[in-house]
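So you can see what is in the structure, the chains are spelled out below.
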Amino acid sequence: MTSVLAALVLVLALSLLVVGLVRLAFVPAALVFEARRRRDDPGPAGCGPMFPETPMVSVVVPAYEESVVIENCVRSVLRSEHPSLEIVCVDDGSSDDTFARMERLAAEHPQVRALRQDNAGKGAALNTGIAAARGDVLVLVDADGLFRPDTVTRLLRGFRDDRVGAVCGNDRPVNLDRVLTRLLSLISHVGTGLMRRALDVLGCLPIVSGNIGAFRRDVLDRVGALHTDTLGEDLELTWRVARAGYRVTFAPDALVYAESPSTLRGLWRQRVRWARGLLQVTSMHRSMVGNPRYGAFGVYLLYNTAAQVVAPFVQVLAMIALAVLVLVDGPSWVPSSWWGWVLLLGLPLSLALLLLAVLLDRAPGDLRQLWTLPLWPVYSLMMTFVVLDAARLELGNAENRWNKLDRSGTVSVRGLVDDDGPGS
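Numbering of residues begins from 1 in every chain and follows the order in which that chain's sequence is written. Since the coordinates come from a predicted model, pLDDT governs what is reported: local features require at least 70, and pairs of side-chain atoms require 80 or more to be given and counted, while whole-chain, interface and lining totals use all residues. Water and hydrogen atoms were dropped before computing side-chain values, which therefore reflect all heavy atoms in the structure.

> What am I meant to see in the overall build of the chain here?
Only DSSP runs of H or I with at least four residues qualify as helices, and only runs of E with at least two residues qualify as strands; both kinds are numbered from the N terminus onward. The helix and strand inventory of the chain stands at 13 helices and 8 strands. Computation of the radius of gyration draws on C-alpha atoms alone. For the globule rule, the value is 2.2 Å times the number of residues to the power 0.38. Scaling as 2.2 N^0.38, a compact globule of 424 residues should have a C-alpha radius of gyration of about 22 Å, and the chain matches this with 22 Å. Only protein chains enter the accessibility calculation, which uses a 1.4 Å probe. A residue is then buried if its area is under 20% of the maximum for its type, exposed if over 50%, and partly exposed in between. Counting only residues that meet the buried cut, the chain has 56% of its 424 residues in that class. We call two residues in contact whenever any of their non-hydrogen atoms come within 4.5 Å of each other. Look at the contacts in the chain between residues 6 or more apart in sequence, and 82% of them connect residues 24 or more apart. Summed over all atoms, the accessible surface of the chain reaches about 18,400 Å², with 59% contributed by carbon and sulfur. Under this rule, positive means Lys or Arg and negative means Asp or Glu; His and the chain ends count for nothing. Every charge is mapped to an atom, namely NZ of Lys, CZ of Arg, CG of Asp or CD of Glu. Distance from the positive charge centre (43 side chains) to the negative charge centre (43 side chains) of the chain: 5 Å. Note on areas: Shrake-Rupley with a 1.4 Å probe; residue coverage comes only from the protein chains shown.

Spelled out as structure tokens, the structure:
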């Protein structure tokens, strides 16, 4: 048992070190993003240079059993400073009072429309909303998302020129009432604060977040509706936009706050769903992976596939091999000093990258959660086995299910909901 544990820790240590070194290589691009952002042109309408006039924006909100959060979501969008906006809410056959709440909101606010369909999944609900929307730009969000007044305007500024087909916003946890959600609020900055900035500059941002993403209507008309046969409908649509020759950009100031999993079971189910979506989309668009025809995007997909699909299997095989090695030769070759382990784990490098990411995201307050960092290696190990479980389910042709999180309605960030509103 001790040998197996030593092998597991060693592989995890080496993995963290390798990942840290790879991320370090992306730092210059992230810094270039910041330098460029300071020179960004807000355009004559304040929505970026691509829009000479204020565009009509349709915010599409699909919902299934979301009565706890739907009102706060819609009311936060209604407080948007963008003057030309509609909200299209689509109930996907909920059995609770989600649709009744949508109808009440629609009766109170002419900008809101409430639609209902038989249960068919998130992708189908989004397609229903997109078909009914009247906007030049479509913003696709989750029903638990809470907008700031400037979220839509900041998102539109990501359309820097006519080569941009979609813009990814910046999602952050809103429920900071558990150890797990506090950890996620901190380490998520590495993906948003650092990696998305760098991938924007390199022209290979592979995902428009399902929590907060904007698409040009004419681009969606060209690439077609969302696929309903995958758990990664947002990922698949992003790759299809790139396949059509458009760029995807990142708008870090377009913030949306949404619930993160507050339990290990919820986290496992969510990440397995995401991993299955990645496996499905990679299979669907395998001709893009490593294909220079799609420029930097296609080349990056090769790295993305190696890092997120292949690497977890290599890690497990390495754990098994090293466990055997420890049993045969003993653990004498494993660093014995505490600092040896720390250096091997690459913790100083990981911590430096995390601090940089938090600063880039202008979120120093999240450093209050630094005490959760000892759980980061455990989280990383869990993500390794998530991919293995996702592969098992895919090989077994498991059913695609929405499997959304159980909502708590907890809002830990001030100023996002009315003091007397639901969930406050």
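> For this particular structure, what's the right way to read the layout of surface pockets?
Empty space among the atoms can be located by rolling a probe the size of a water molecule over them. Roughly 300 Å³ of volume is contained in the second largest pocket. Grid points spaced at 1 Å over the protein atoms alone were grouped into cavities, where a 1.4 Å probe fits but cannot get out, and pockets, open sets with protein on both sides within 12 Å along at least five of seven lines, with lining residues defined by an atom within 4 Å of a point. In terms of lining, the second largest pocket is formed by 15 residues, of which the most central are L176, Y257, D366, R368 and V413. For the lining of the second largest pocket, the secondary-structure elements that each account for two or more residues are strand 6 (164–173) and helix 6 (179–202). Under the convention adopted here, Pro, Cys and the residues Ala, Val, Leu, Ile, Met, Phe, Trp and Tyr are nonpolar, Asp, Glu, Lys and Arg are charged, and Gly plus all remaining residues are polar. Counted by class, the lining of the second largest pocket contains 6 nonpolar, 4 polar and 5 charged residues. Grid points are joined across faces, edges and corners, and a volume is the space filled by probe spheres set on the points.

> Would you explain the pattern of salt bridges in this entry?
Opposite charge on two side chains permits pairing when their charged atoms draw close. Salt bridges are identified by distance alone: a Lys or Arg side-chain nitrogen within 4 Å of an Asp or Glu carboxyl oxygen. Summed over the entire model, instances satisfying the criterion amount to 28 salt bridges. The shortest N-O distance in the salt bridge between R75 and E108 comes to 3.4 Å. Placement of the pair is R75 in helix 2 (residues 70–78) and E108 in helix 3 (residues 98–108), with a sequence separation of 33 residues. R154 serves as the salt-bridge partner of D150, at 3.4 Å between the closest nitrogen and oxygen. R154 sits in the partly exposed class, given a relative accessible area of 31%.

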